[in-house]
Amino acid sequence: MTKQYELAVDRIKCDGRGLCAEILPERIRLDSWGYPIVTPGPIPGHLLGLAQRAVDDCPVLAIALRRVEIKRQRER
Amino acid sequence: MSAPQLLAGPDPSRGSERRSEHVARLGPLPKGGHALIELLVRTGLTGRGGAGFPVGLKWRAVAAASHGSAVVIANGAEGEPHSRKDRLLMASRPHLILDGAMLAAASVHAKQVVLCIGEEHHAALRSMSGALAERSEHERRMVRIVAAPPRYVAGESSATVHLVDAGIATPTTTPPSPRDRGVGGAATLVQNVETLAHVAIIARTGMATDTVLITVAGGVRTPGVLEVNVGTPLGDAVQLAGGASEPVRAVLVGGYFGQWVEPSSAWSLPLDTQALRARGLSLGCGVIGLVPASRCAVCEVAGIMRYLASESSAQCGPCFFGLRALADACTRIAERGTDPGDLQRLQRWSAEVHGRGACKHPDGVVMFLQSAMKTFGDDFAHHPPHLRRSA
């Protein structure tokens, strides 16, 4: 089975600089206040390079690529 | 209403129960451990802090991640504005809570117990520290008290960990969950004080408790805390609180992160976590709020929205800016009258904000607003201007 990756935003670190949405508009758009809304689910292979660039170019290191795994139930 | 379990014994209004009285009434503290965790799983006890998570499962997870150095946080921050049940319990039955916390510590192999108590809950702070002074030296060394600031999010589980670690009661990014990495990096069990009191009873009887603490607030004759049987109809609880003081427009079930219900369907609702969940509702932290028909529902909702927006810890953009924008739109409708553009913006912004904070504060606020707009749909659609004449 091939590895799958998804984008995860650290909401506390994110400052709404918006570079990620410029680099990867296929998966990231900005909300009314300039903060990224990420399309959920694994990143298709042909976009992985751009997704990595969005991660590397974030000025506040607020976005990461992480392996898709079965999420545990979270409490509030 | 059958016999109370948590508030059995002396009248809670008489204040903190002494240890001698507590032990004479309930007997010594049984042992915690694996068997207790399995008993809690079997009884199906769920957390009373608001999320209603199964207690036994949480303890199992913390015990598995503990390596003998876990931390237990007994959560008595009680930041929900109308809730009073945690501070009443802390002020009147401190040893029940300490028993539960010690049982938790033994069961998840914890070395430290932290009591997080709202800094404005003065009687609770006095009662808990007085009770701690009556415990064994071993327990006194294990347990410390940390005062939580009076903020809505201060009782969120990652915020209590942040408070204990750094003195800052704001939520942190999860994962990691406090269960895996909490205070000082150790596996941490965050459990509401009422939940721990239930554990202290369950450990002694070997059976499930069948009561729940609720706070009846708003338009009732004698607002306050009641211990009712699980499944008691909501209307019976309102009667126990003296009945409605005037005609009721709607009932807010479960506090500010709960749902609005029309009186016609509210009175028969069973006060039971599972039964309410099956109806798409939540008991939350047990607050039942009655809004009188004489009040303007839209203005009430706008006021609560302003409060909830101001309680954002201002860490995540969508929560800080989004909730403020939602509260402003509600306030515009309340003060200047309905504007179709604002109604559309409320819907669009709700969708944009939901699920986009480090904690669930924005989600809770959006669910509150959506429920309000459903229940008070006509009021929102045809609200007249309520312009104030003077500033």
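The written sequence of each chain sets the order in which its residues are numbered from 1. Chains carry letters and ligands carry numbers; both start at the beginning, A for chains and 1 for ligands, and go up in the order they are written. Given that this is a predicted model, residues contribute local features only at a pLDDT of at least 70 and side-chain atom pairs are listed and counted only at 80 or more, while totals for whole chains, interfaces and linings are drawn from all residues.

Novice: I would appreciate a short explanation of the overall build of chain B in the present structure.
Specialist: Across its full length, chain B carries 17 helices and 9 strands. The exposure scheme places C-beta atoms from the backbone and then counts, for each residue, the other C-beta atoms within 10 Å of its own, assigning buried at 20 or more, exposed at 12 or fewer, and partly exposed in between. Residues classed as buried in chain B amount to 54% of the 391 residues present. Here contacts are defined at the residue level, using C-beta atoms placed from the backbone and a cut-off of 7 Å between them. Taking as baseline every contact in chain B between residues at least 6 positions apart, the subset at least 24 positions apart corresponds to 71%. Numbering of helices and strands starts at the N terminus; helices are DSSP runs of H or I of at least 4 residues and strands are runs of E of at least 2.

Novice: Got a minute to help me understand the pairing of strand S2 (residues 110-118) of chain B in this structure?
Specialist: Looking down a regular strand, the side chains alternate between one sheet face and the other. All names here are of chain B. For S2, the buried fraction is high: 7 of the 9 residues fall into the buried class. Two strands pair if DSSP finds at least two bridges between them. Looking at chain direction, S2 and strand S3 (residues 143-148) are connected through 6 bridges and run parallel. In the strand pairing of S3, Val 114 is matched with Arg 144.

Novice: Quick question: what am I supposed to make of the interface of chain B and chain A here?
Specialist: You'll often see interface size given as the accessible area lost when the parts meet. Listed per partner, the contact involves 20 residues of chain B and 13 residues of chain A. Mapped onto the side of chain B that touches chain A, the elements with two or more residues apiece are helix H14 (317-336) and helix H15 (340-353) of chain B. Three classes are used: nonpolar for Ala, Val, Leu, Ile, Met, Phe, Trp, Tyr, Cys and Pro, charged for Asp, Glu, Lys and Arg, and polar for all others, with Gly counted as polar. Its residues assigned to classes, the side of chain B that touches chain A shows 7 nonpolar, 9 polar and 4 charged.

Novice: When you look at the domain arrangement of chain B in this model, what are you seeing that I'm missing?
Specialist: All names here are of chain B. An automatic or database domain assignment supplies the residue ranges for each domain. When the domains of chain B are assigned, the result is domain 1 (12-205), domain 2 (211-292) and domain 3 (297-381). Taking only C-alpha atoms into account, the centre of domain 1 sits 25 Å from that of domain 2. The interface is formed by 13 residues belonging to domain 1 together with 17 residues belonging to domain 2. Broken down by element, the side of domain 1 that touches domain 2 gets its largest block of residues, 3 residues, from helix H4 (residues 85-92). Of the residues in the side of domain 1 that touches domain 2, the class split is 2 nonpolar, 6 polar and 5 charged.

Novice: Looking at this structure, how should I read unusual backbone geometry?
Specialist: One can expect most non-glycine residues to show negative phi and most peptide bonds to be in trans. Residue and element names in this part refer to chain B. The amide bond that connects Thr 174 to the next residue, Pro 175, takes the cis arrangement and shows omega of -5 degrees. Despite not being glycine, His 67 has its phi angle at roughly 50 degrees, a positive value. Overall, the presence of 9 C-beta atoms within 10 Å leaves His 67 in the exposed class.

Novice: Quick question: what am I supposed to make of the nonpolar core here?
Specialist: As a rule of thumb, soluble globular proteins bury nonpolar side chains together. In plain words, the nonpolar core is the set of buried Ala, Val, Leu, Ile, Met, Phe, Trp, Tyr and Cys residues that C-beta atoms within 7 Å link up. Val72(B) and Ala104(B) are the most contacted members of the largest nonpolar core, which totals 124 residues. In contact with Ala104(B), not counting residues within four places along its chain, are Gly32(B), Trp59(B), Val72(B), Ala110(B), Leu189(B), Gln191(B), Leu196(B) and Val199(B). Listed in part, the 16 residues of the second largest apolar core include Leu7(A), Cys14(A), Ala51(A) and Val55(A).

Novice: Help me understand the packing of H15(B) against helix H16 (residues 361-375) of chain B in this model?
Specialist: When two helices pack together, you describe them by how their axes are tilted relative to each other and by the distance separating the axes. Residues and elements named next belong to chain B. Put simply, H15 and H16 touch, their axes get as near as 9 Å, and they point 150 degrees apart. Classified by the angle their axes make, H15 and H16 are roughly antiparallel. The two elements H15 and H16 cross, and the hand of that crossing is left-handed. Of the residues in H16, those in contact with Leu 346, Ser 350 and Val 353 of H15 are Pro 362, Val 366, Leu 369, Gln 370 and Met 373. Broken down by class, the residue content of the contact of H15 with H16 amounts to 6 nonpolar, 2 polar and no charged. Helix axes are fitted only over the stretch in contact, all axes being lines through C-alpha atoms; the angle between N-to-C directions runs from 0 to 180 degrees. For classification purposes, an angle smaller than 35 degrees is called roughly parallel, one larger than 145 roughly antiparallel, one from 65 to 115 roughly perpendicular, and anything else oblique. Two helices cross in a left-handed way if the nearer one is turned anticlockwise from the farther one by less than a right angle. They cross in a right-handed way if the turn is clockwise.

Novice: Would you explain the sheet that holds S2(B) in this entry?
Specialist: Sheet strands pair by backbone hydrogen bonding; their relative direction is either parallel or antiparallel. Residue and element names in this part refer to chain B. If you trace the 4 strands from one edge of the open sheet to the other, you get S3-S2-S1-S4, paired in parallel fashion. Because the sheet does not close on itself, it has two edges, and the strands there are S3 and strand S4 (188-192). Averaged over all neighbouring strand pairs, the angle between strand axes comes to 25 degrees, with direction disregarded. Across 7 bridges, the pairing between strand S1 (residues 70-76) and S2 is parallel. From the neighbouring strand, Ala 70 faces S2, where its bridge partner is Ala 110. Of the strands in this sheet, S1, S2 and S4 are in contact with helix H5 (residues 94-107), which crosses S1 at around 155 degrees.

Novice: Looking at this model, I keep getting lost on the environment of Leu89(B). Mind explaining?
Specialist: All names here are of chain B. On the secondary structure map, Leu 89 appears in helix H4. The class of Leu 89 is buried, set by 28 C-beta atoms lying within 10 Å. Measuring from C-alpha to C-alpha, the distance between Leu 89 and Ser 13 comes to 10 Å, with 76 residues separating the pair along the chain. In this view, Leu 89 contacts Leu 6, Ile 97, Val 193, Glu 194, Ala 197 and Leu 213; residues no more than four positions away in its chain are not counted.

Novice: Sorry, what's going on with the sheet that holds strand S7 (residues 248-253) of chain B here?
Specialist: Residue and element names in this part refer to chain B. Taken together, the 5 strands give an open sheet; going across it, the order is S6-S5-S9-S7-S8, and neighbouring strands pair in mixed fashion. In this open sheet, the two edge strands, each paired with only one partner strand, are strand S6 (224-229) and strand S8 (259-261). Each strand of the sheet is rotated relative to its neighbour by a mean of 30 degrees, with strand direction disregarded. Sheet analysis places S7 next to strand S9 (residues 287-292), joined by 5 bridges and oriented antiparallel. Among the inter-strand pairings, Val 248 is bridged to a residue of S9, identified as Pro 292. Contacts between H4 and the sheet are confined to strand S5 (211-218) and S6, with S5 contributing the most and set at about 120 degrees to the helix.

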